[in-house]
Amino acid sequence: MTAEVRNDIIVATEHIKAPPEVVFPYLTDPALIVKWIGVRAELDPQPRGVFSLDMGDVVARGAYITVEPPYRVVFTWGIPGNDALPPGESTVEVVLTPDGDDTMVVLTHRGLPSTLIGIHRAGWEHQLGRLGVAAG
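Only a predicted model underlies this, so the values are computations on that prediction, with no experimental measurement involved.

Aromatic ring pairs are reported here in terms of the distance separating the ring centres and the angle at which the planes meet. This structure, assessed with the given rule, holds 6 aromatic pairs. For the pair Phe51 and Trp77, a centre-to-centre distance of 6.1 Å together with 45 degrees between the ring planes defines the contact as tilted. Highlighted residues: Phe51 in strand S4 (residues 50-55) and Trp77 in strand S6 (residues 72-77), separated in sequence by 26 residues. Ring geometry for Phe75 versus Trp77: centroids 6.4 Å apart, planes at 45 degrees, classification tilted.

Following Pro69, the chain continues to Pro70 via a peptide bond in cis, the omega torsion being -10 degrees. You can see Pro70 is positioned in the loop between strand S5 (58-68) and S6. Of note, the phi angle at Asn7 is positive, near 55 degrees, even though the residue is not glycine. Here Asn7 lies in the loop between strand S1 (2-6) and strand S2 (9-16). Even without a glycine there, the phi angle at Arg48 is positive, about 75 degrees. When you line up the elements, Arg48 lands in the loop between strand S3 (40-43) and S4.

Of the two faces of S3, only the one carrying Ala41 and Leu43 is buried; Arg40 and Glu42 on the other face are not. Pairing analysis gives 4 bridges linking S3 to S4, with the strands arranged antiparallel. Paired with Glu42 across the strands is Ser52, a residue of S4. The hairpin turn running from S3 into S4, its antiparallel successor, is 6 residues long, and Arg48 in that turn takes a positive phi close to 75 degrees.

Calculation rules
- Residues numbered from 1 in each chain as written.
- Predicted model: local features only at pLDDT ≥ 70, side-chain atom pairs only at ≥ 80, totals over all residues.
- Heavy atoms only, no water.
- Phe/Tyr/Trp six-rings, centres within 6.5 Å; stacked < 30°, edge-to-face > 60°.
- Helix = DSSP H or I, 4+ residues; strand = E, 2+ residues; numbered from the N terminus.
- Buried < 20%, exposed > 50% of the residue type's maximum accessible area, 1.4 Å probe, protein only.
- Pairing = 2+ DSSP bridges.

Below is the structure:
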């Protein structure tokens with residue numbers, strides 16, 4: 001698992017020992033997303049559908065923009081009450097590419113304020129590792 005910052009954009013990758021069809025629901029199903037990130041989720045995986053994730057003391061709110069099973073999902077991301085990163089302010093794109101019987105996950109997070117890039121980079125690096133365990 002790697003996560004790096006390129007021109008203020010986080011790019012995180014993870015190799016998962018499962019096909020995209022198995023991994024994709026972990027991005028759209030509330031019961032599965034909380035197995036790797038968060039403790040509660042409300043998800044409506046369709047364009048303009050709600051993306052709501054509670055991760056203990058931190059919550060993320062946004063909306064799905066694109067849902068293309070089983071290869072791509074895009075949603076907005078923000079934190080209620082955070083003036084630097086209000087809900088819908090940044091965008092997360094997750095692309096799942098088949099790699100034999102496995103999946104290469106590339107997560108790209110754009111539009112973060114520079115003061116929050118480091119914590120989000122570390123967070124995605126940690127959480128994508130958990131996705132690999134949960135889905136693999």
